[in-house]
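# Working through the structure, step by step
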Amino acid sequence: MEEIFKNSKKIIIKIGSSTITGEDGKIDYEFLENLASEVKTLVGLEKQVVIVSSGARIAGVSTIEKWSKKEDMSYKQALCAIGQVELMDGYRKIFIKQGLHIAQILLTKADLENEKRSLNVKNTLFTLINENVIPIINENDTVCVDEIKIGDNDMLSARTCILWGADLLIFLSDIDGIFDKNPKEFKDAKLLKYIEDIFECEKNVSCGQKSSFGTGGIKTKIQAAKLLHPYGTNIIITKGKTPKSIIQILEGKGVCTLIKGEKL
Ligand code: ADP
């Protein structure tokens, strides 16, 4: 693990909805404080960091305190629009305490698929990073009707890895890693600490029910790993609420799943 970390200059950290939110359904500021200090440590070690953050919809619900049961797409998107501001406000206030400036990038699938648009995104991303600003990426939920249904930030992270040429993708989830079956349903589920062949592994993992907040479940993380496989990006999945989760893992102490990338 130490070796992987040493060779990883470009790191993307994806924050799941249940990680950014506390038990009360509001933004978990303690988690953000911990994250900011971890990012600061990484920057101090001359790593470059990009964050992909979920949580806009939940932040929207806790801000406006209504519409949580509304099924209309326009209300769901309205909640994301409200919550995105709240989310970035939280990141900005906490990251600046560590002397870190942040920037918001909202993307749609089309932004990454269209050559001209993706080049623009790439240029902005590289400029921000070269100037030591931490980009925080999310889906542009207001224009992505499909995305709101599938909550594809796991795939968005993977696509951003490809765009930027990231070495390491860290999923901060509500779970220690990938198990052979859903540990929330099965007490005897076993953590898969090291996955060398994600395609083979997928055949032996059952994904069960989705969590209540997260929308993708472990399935979209496996999908992301499959997409990233030929690019050689390593992937770590770990529980985001564990204090100093990233640094512990990078020192070889934390609990996680490592999916080895293989550059083809
Ligand atoms: P995130 O907050 O990272 O977006 P998700 O809710 O999307 O989290 O995905 C993590 C959830 O996936 C876990 O809380 C767990 O309930 C569920 N899950 C289903 N199958 C598995 C499995 N085989 N291993 C680990 N987690 C699983």
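Below or above, wherever it landed, is the structure these notes cover. (Residues numbered from 1 in each chain as written. Predicted model: local features only at pLDDT ≥ 70, side-chain atom pairs only at ≥ 80, totals over all residues. Heavy atoms only, no water.)

## Overview of the pairing of strand β1 (residues 10-15)
Which entries qualify depends on this criterion: Accessibility here uses a 1.4 Å probe with only protein chains present; expressed as a share of the type maximum, an area under 20% marks a residue as buried, one over 50% as exposed, and anything in between as partly exposed. A run of DSSP states H or I qualifies as a helix once it reaches four residues; a run of E qualifies as a strand once it reaches two. Both are numbered from the N-terminal end. Note on pairing: two strands pair once DSSP finds at least 2 bridges between them.
A large share of β1 lies buried, amounting to 6 of its 6 residues. In β1, alternate side chains face the same way, and those of K10, I12 and K14 on one face and I11, I13 and I15 on the other are all buried. Here β1 runs beside strand β2 (residues 48-53); their pairing, made up of 6 bridges, is parallel. If you follow I13 over to β2, its bridge partner there is I51. Examined bridge by bridge, β1 and strand β5 (residues 168-173) share 5 bridges and lie parallel to one another.

## A look at the pattern of salt bridges
We count it as follows: Take a side-chain nitrogen of Lys or Arg and a carboxyl oxygen of Asp or Glu: if they are within 4 Å of each other, that pair is a salt bridge.
With the rule as written, the count across this model stands at 14 salt bridges. For K14, the salt bridge is made with D154, and the minimal N-O distance between the two is 2.8 Å. Of this pair, K14 sits in strand β1 while D154 sits in helix α9 (residues 153-164), and the two are 140 residues apart along the sequence. Since its relative accessible area comes to 2%, D154 is described here as buried. Two residues, D111 and R117, come together in a salt bridge whose shortest N-O distance is 2.6 Å.

## Some points on the sheet that holds strand β8 (residues 257-259)
Cut-off, in case you're wondering: Any two residues whose heavy atoms approach within 4.5 Å are treated as being in contact. Axes here mean lines fitted to C-alpha atoms, for a helix over just the part in contact, with angles spanning 0 to 180 degrees between N-to-C directions.
Strand order across the open sheet formed by 8 strands is β3-β4-β2-β1-β5-β7-β8-β6, with mixed pairing between neighbours. The open sheet is flanked by β3 (101-107) and β6 (194-195), the only strands paired with a single partner. Taken together, the 2 bridges between β6 and β8 define a ladder with parallel strand orientation. Looking at the pairing, I195 lines up with I259 of β8. Along the sheet face, helix α11 (residues 217-228) touches β1, β5, β7 (234-239) and β8 and points at about 180° away from the line of β5.

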